[in-house]
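# A structural walkthrough
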Amino acid sequence: MYPNPLNDPLDAFYDCFELKPKRRILRKDAKYEIQRAWTSWQGDKSNGSISMFLFFGWLQRNRPYFLTFRCKYDRWQSVHGWLEQYEREGRAQRGQENQ
């Protein structure tokens, strides 16, 4: 298959024979996109880690390109850490706004 001259990241998954990524997303870009997807995700976020695990499954089905970043360990652990950090920063920001 000839590479797309437009260089669309979502087209990286489409190939003639199999669905494997041709490129990987950078780790910092993956973190940003996953946190952005978390804020727009319509699922229940009140259950903490359980909600994050359900969101990870949603990412695997609907946004697999976001999970192609290089990782030494399990991708779930990285994504879970990013989401925990994002939630902590959000709570701290909301706490500062209330003061």
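The coordinates are above.
The structure contained in this document is the topic of the report that follows. (Residues numbered from 1 in each chain as written. Predicted model: local features only at pLDDT ≥ 70, side-chain atom pairs only at ≥ 80, totals over all residues. Heavy atoms only, no water.)

### Some thoughts on the overall build of the chain
A tally of helices and strands in the chain yields three helices and zero strands. Along the chain, from the amino end to the carboxyl end, the secondary structure elements read α-α-α. Counting every position in the chain, which comprises 99 residues, the buried fraction comes to 28%. In the chain, the proportion of contacts linking residues at least 24 apart, taken out of those at least 6 apart, comes to 52%. Carbon together with sulfur atoms contributes 51% to the accessible area of the chain, which is approximately 7,600 Å² in total. (Helix = DSSP H or I, 4+ residues; strand = E, 2+ residues; numbered from the N terminus. Buried < 20%, exposed > 50% of the residue type's maximum accessible area, 1.4 Å probe, protein only. Contact = heavy atoms within 4.5 Å. Areas by Shrake-Rupley, 256 points an atom, 1.4 Å probe, with all protein chains shown as cover.)

### Things to note about the environment of K22
Along the chain, K22 turns up in the segment before α1 (27–40). By relative accessible area, which is 44% here, K22 ends up partly exposed. Separated by 46 residues in the primary sequence, K22 and T68 place their C-alpha atoms 9.9 Å from one another.

### Looking at the side chain of T68
Along the chain, T68 falls in the loop between α2 (49–62) and α3 (75–98). Of note is the side chain of T68, whose polar atom sits 2.8 Å from the backbone oxygen of Y65. (Polar contact = N/O pair within 3.5 Å; in protein donor to acceptor, adjacent residues only side chain to side chain.)

### Here we look at the packing of aromatic side chains
One pass over the structure, following the stated rule, counts seven aromatic pairs. Ring geometry for W38 and W41: centres 5.6 Å apart, planes at 20°, overall stacked. W41 sits in the buried class, given a relative accessible area of 14%. Ring centres 5.1 Å apart and planes at 75° place the aromatic pair W38 and F55 in the edge-to-face group. Taken together, the residues W38 in helix α1 and F55 in helix α2 connect sequence positions 17 residues apart. On the basis of relative accessibility, which here comes to 2%, the residue W38 falls in the buried class. A relative accessible area of 0% places F55 in the buried class. Members of the aromatic cluster, connected to one another through ring pairs, are W38, W41, F55 and W58. Taking the ring centre of W38 as reference, the NZ or CZ of K45 above it sits at 5.2 Å. (Phe/Tyr/Trp six-rings, centres within 6.5 Å; stacked < 30°, edge-to-face > 60°. Lys NZ or Arg CZ within 6 Å of the ring centre and 35° of its normal.)

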